[in-house]
Amino acid sequence: RSSPWTIQEAVRTSSMWKLGGSLAIMAFLLGAASVHRIPHWIELGFHPSTVSLAVSLDAVGATIMALTAGFVVERLDARIVGTASCISFCFAVALMVVGQAWTPLLFGSTLLSGIGVGLFWVFGGVIWAQYYGWQFVGTIHGTILPFTFLAGGLGAPLIGAMRDASGNYQSSWLLISALCVAATILIVSARSPNTNLDNQRENS
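Starting from 1, residues in each chain are numbered consecutively following that chain's sequence as written. Only residues with pLDDT of at least 70 are given local features in this predicted model, and only at 80 or more are side-chain atom pairs given and counted; all residues enter the totals for whole chains, interfaces and linings. Side-chain measures here rest on the full set of heavy atoms in the structure, leaving out hydrogens and waters.

Starting at the N terminus, helices and strands are each numbered in turn, a helix being any DSSP run of H or I of at least four residues and a strand any DSSP run of E of at least two. Helix and strand counts for the chain stand at 9 helices and 0 strands. Here the C-alpha radius of gyration of the chain, 18 Å, is about what a compact globule of 204 residues would show, namely 17 Å. With the principal axes as the frame, the chain shows a C-alpha extent of 65 × 35 × 25 Å. Scored against the burial criterion, the 204 residues of the chain give a buried share of 43%. For the chain, restricting intrachain contacts to residue pairs at least 6 apart in sequence, the fraction spanning at least 24 positions comes to 83%. What sets the accessible areas is the Shrake-Rupley method with a 1.4 Å probe; for residues, cover comes only from the shown protein chains. Entry remark: accessible area of the chain is about 9700 Å², with carbon and sulfur atoms responsible for 69%. Distance between charge centres in the chain, computed from 9 positive and 8 negative side chains, equals 4 Å. Atoms considered for the radius of gyration are the C-alpha atoms alone. The globule rule reads 2.2 Å times the number of residues to the power 0.38. Buried means the residue's accessible area, taken with a 1.4 Å probe over protein chains only, is under 20% of the maximum for its type, while exposed means over 50%, and partly exposed covers the values in between. Throughout, a contact is declared for two residues whenever any of their heavy atoms are within 4.5 Å. Charged residues are defined here as Lys and Arg on the positive side and Asp and Glu on the negative side; His and the ends of the chain fall outside this count. Where a charge lies is defined by one atom per residue type: Lys uses NZ, Arg uses CZ, Asp uses CG and Glu uses CD.

Quick look at the nonpolar core now. One broad rule of soluble globular proteins: the nonpolar side chains tend to lie buried together. To define a nonpolar core, start from buried Ala, Val, Leu, Ile, Met, Phe, Trp, Tyr and Cys residues and group those joined through side-chain atoms within 4.5 Å. Counting residues in hydrophobic clusters, the biggest one holds 51 residues, and the most contacted among them are Phe89 and Trp128. Setting aside its immediate chain neighbours within four residues, Phe89 contacts Met26, Leu29, Leu30, Ala33, Ser113, Ile176 and Cys180.

Mapping Glu74 onto the fold places it in the loop between α4 (57-72) and α5 (78-97). Sequence separation of Glu74 and Pro157 is 83 residues, and the distance between their C-alpha atoms is 37 Å.

Moving on: the state of the cysteines. Only a pair of cysteine sulfur atoms within 2.5 Å qualifies as a disulfide here. Per the stated rule, a full pass over the model turns up 1 disulfide. Here Cys90 connects covalently by a disulfide to Cys180, the sulfurs 2.5 Å from one another. Between Cys90 and Cys180, the disulfide has an S-S torsion of -120° and is therefore left-handed. Placement of the pair is Cys90 in helix α5 and Cys180 in helix α8 (residues 170-189), with a sequence separation of 90 residues. Each of the two residues, Cys90 as well as Cys180, counts as buried.

All axes are obtained by fitting lines to C-alpha atoms, using only the stretch in contact for helices, and the reported angles, taken between N-to-C directions, cover 0 to 180 degrees. Interhelical geometry of helix α2 (residues 14-44) versus helix α7 (residues 137-166) gives an angle of 30° and a closest axis separation of 7 Å. Judged by the angle between their axes, α2 and α7 are roughly parallel. The two elements α2 and α7 meet at a crossing, and its hand is right-handed. Throughout, the ten residues Ala, Val, Leu, Ile, Met, Phe, Trp, Tyr, Cys and Pro are labelled nonpolar, Asp, Glu, Lys and Arg are labelled charged, and all others, Gly among them, are labelled polar. For the contact of α2 with α7, the per-class residue count stands at 16 nonpolar, 8 polar and 2 charged. Orientation categories follow fixed angle ranges, with anything under 35 degrees roughly parallel, anything over 145 roughly antiparallel, 65 to 115 roughly perpendicular, and all other angles oblique. Left-handed is the label given to a crossing in which the near helix is rotated counterclockwise from the far helix by less than a right angle, and right-handed is the label when the rotation is clockwise.

Quick look at the side chain of Ser22 now. Structurally, Ser22 is set in helix α2. At 2.7 Å, the side chain of Ser22 and the backbone oxygen of Leu19 are in polar contact. Among all residues touching Ser22, those that are not within four sequence positions of it are Phe123, Ala183, Leu186 and Ile187. In protein, a polar contact means a hydrogen-donor-capable atom and an acceptor-capable atom, both N or O and within 3.5 Å, with residues adjacent in sequence counting only if both atoms are side-chain atoms; elsewhere, any N or O pair within 3.5 Å suffices.

Between α2 and helix α3 (residues 48-55), the least distance of the axes is 9 Å, while the angle of their chain directions is 140°. As summarised for this structure, α2 and α3 are arranged oblique, according to the angle between their axes. As α2 runs across α3, the sense of the crossing is right-handed. Here α2 contributes Arg37, Ile38, Trp41 and Ile42 to the contact with α3, which in turn contributes Pro48, Val51 and Val55. Taken together, the residues of the contact of α2 with α3 break down into 6 nonpolar, no polar and 1 charged.

Here it is, written out as structure tokens:
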């Protein structure tokens, strides 16, 4: 398809809502984990200074992967980057589910989380233009962003409520793991809508 997509056309494609759903889920997860992983590791027995040092790896992982992903999305489908983001974050959460005060788990989890964040922001910024063109990407992306921001804001308080109700973070991390898998499925299934629309127009 050579012409850009309008918002009216884009909202009729399943890919837009699959991508939007995956981004909202990931925003929820990132919002929740960024707040609650610190008390989680401290509750397991780590000193706050050790946890702070480990969390600083987030910035390292995010920076390296954002730079790397920038080159990848210029050549390949941005879904690859989005899928890698979800998988990285799934592994980060899995290390928290183990619930052991073992230093490699702490540092491995925070590093993987940073990698997932770096990939996530590149994916979210590029996928709309790659699928729908640049001319109307502002309105298309802008339609999805409020849901993403809302989901991100709900993550921390909802997971905090679950922690208070259960007395620990195990059920919270299990829920986040399940949602992470759901986000991965949505991204993988959100194929480029260009060919499908062209075929529909030819048959109409």
